[in-house]
Every structure is written in structure tokens, then in C-alpha cells.
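Structural overview for review
Below, each chain spelled out in residue letters.
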Amino acid sequence: MGAWYTIGLCLGLGLGVGVILAGLLGSTTLGASAAALAATAVGAIAGLLIGDTAETIGGGVAGFLGAVSAAAVVYGALRRGATRLGIAAYLGMAGVALCLVALIPLAGYLEVIGAPLLAARMRGRQAARFAGLRTLAK
């Protein structure tokens, strides 16, 4: 393949690891910060193991972007009444899927562009918590 493939692979792996860590740790602001730092480190280490300088930088940056993007999803879901374990399970599966899709050539580049865009779009559509049957009692 070439350097473009390994850079894309490291981007996708870093993004997937960031999503997994944000799902596990991102229920608080301190946890989201820890997830971003850990994802940056793990993504950079994965890039260092796979390739050279470009892969290391790509993996670290993608890990940070994945954690920050997934933290937006975690905050929104918790505000709407989701459980922490449920969020961790869904984002864990999504992170593993992102890592696997990164094996496809050029997919890692698309993932790194798409994940922050989707997170920004979700932040703009934040609805209030579902009122349930309380609205019928009035």
C-alpha cells in the first residue's frame, strides 16, 4: 500500500479508541478530559507502533477528536436520561466498528472528518429532557 494507507489506518484507530474511552469515562467533565488525554496517548502509541512520525501525529490527533466528539454524544444522552452503562456499551461497539472500518483504504480519513461534523450537528439539535406522562397530568 503506502504511507497514505498507514496514516489513514492510524487516524481510524485513534478515532475508535477515543470514542471507546469517552464512552467509558465521559460521564463527567473530568472523565471526558481524562478520556481525551488517554485517547491522545493511545492513538499516538498506536501510530508509533504502526509507522513513523506522520502516523504518530495522526493517531494522537484522531484520538483527541474521537474523545471530544463522543463526549458531546455522552453529555447529550445523559441529559436526556440515558444510563452510563448503556452509553458505554453503545459507544464501545461504535468505537470497535470505527477501528474495523479503518482497515478499509481511505476510510480513516473520512471517519476523522465525519465524526466531529456529526457531533457538532448533534450539539445543535439538543432537545430538552423527555417529559413523559408529566405533561398529561396538567
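Scroll up to find the structure this text is about.
Residues numbered from 1 in each chain as written. Predicted model: local features only at pLDDT ≥ 70, side-chain atom pairs only at ≥ 80, totals over all residues. Heavy atoms only, no water.

Scanning the chain for helices and strands turns up 5 helices and 0 strands. Taken from the N to the C terminus, the helices and strands of the chain come in the order α-α-α-α-α. When contacts within the chain are restricted to residue pairs at least 6 apart in sequence, those whose partners lie at least 24 apart make up 78%. Total accessible area on the chain is roughly 7800 Å²; 75% of this is exposed by carbon and sulfur atoms. (Helix = DSSP H or I, 4+ residues; strand = E, 2+ residues; numbered from the N terminus. Contact = heavy atoms within 4.5 Å. Areas by Shrake-Rupley, 256 points an atom, 1.4 Å probe, with all protein chains shown as cover.)

One finds V19, L21, A22, A35, A36, A39, A67, A70, V74, I87 and L91 forming the largest nonpolar core, which totals 11 residues. Listed by contribution, the elements that provide at least two residues to this core are helix 1 (3–25), helix 2 (29–50), helix 3 (53–79) and helix 4 (84–101). Excluding residues that lie within four positions of it along the chain, A39 makes contacts with V17, G18, L21, G63 and A67. In terms of nonpolar packing, the next biggest core, distinct from the first, is built from 5 residues, L15, A62, V112 and A115 among them. (Core = buried A, V, L, I, M, F, W, Y, C linked by side-chain atoms within 4.5 Å. Buried < 20%, exposed > 50% of the residue type's maximum accessible area, 1.4 Å probe, protein only.)

Attention now goes to a nonpolar patch on the surface. Taken together, the side chains of M1, W4 and L106 define a hydrophobic patch exposed on the protein surface, amounting to about 390 Å² of accessible area. The topology assignment puts W4 in helix 1. (Patch = residues over 30% accessible without salt bridge, like charges linked within 9 Å, V, L, I, M, F, W, Y side chains within 5 Å. Salt bridge = Lys/Arg side-chain N within 4 Å of Asp/Glu carboxyl O.)

Look at helix 2 against helix 3: their axes get within 7 Å of each other, and the N-to-C directions meet at 155°. In terms of orientation, helix 2 and helix 3 fall into the roughly antiparallel class. For the element pair helix 2 and helix 3, the recorded crossing hand is right-handed. Every residue of helix 3 that contacts helix 2 at T29, A32, A35, A36, A39, T40, G43, A44, G47 and L48 is listed here: E55, T56, G59, G60, G63, F64, A67, A71 and Y75. Taken together, the residues of the contact of helix 2 with helix 3 break down into 10 nonpolar, 8 polar and 1 charged. (Axes fitted to C-alpha atoms, helices over the stretch in contact; angles between N-to-C directions. Parallel < 35°, antiparallel > 145°, perpendicular 65-115°, else oblique. Left-handed = near helix turned anticlockwise from the far one by under 90°. Nonpolar A, V, L, I, M, F, W, Y, C, P; charged D, E, K, R; others polar.)

What follows covers the environment of C10. For C10, the location among the structural elements is in helix 1. Placed 35 residues apart in sequence, C10 and I45 show a C-alpha to C-alpha distance of 9.7 Å. Non-local contacts of C10, meaning those with residues more than four positions away in its chain, are made with A46, G47, I50, E55 and G59.

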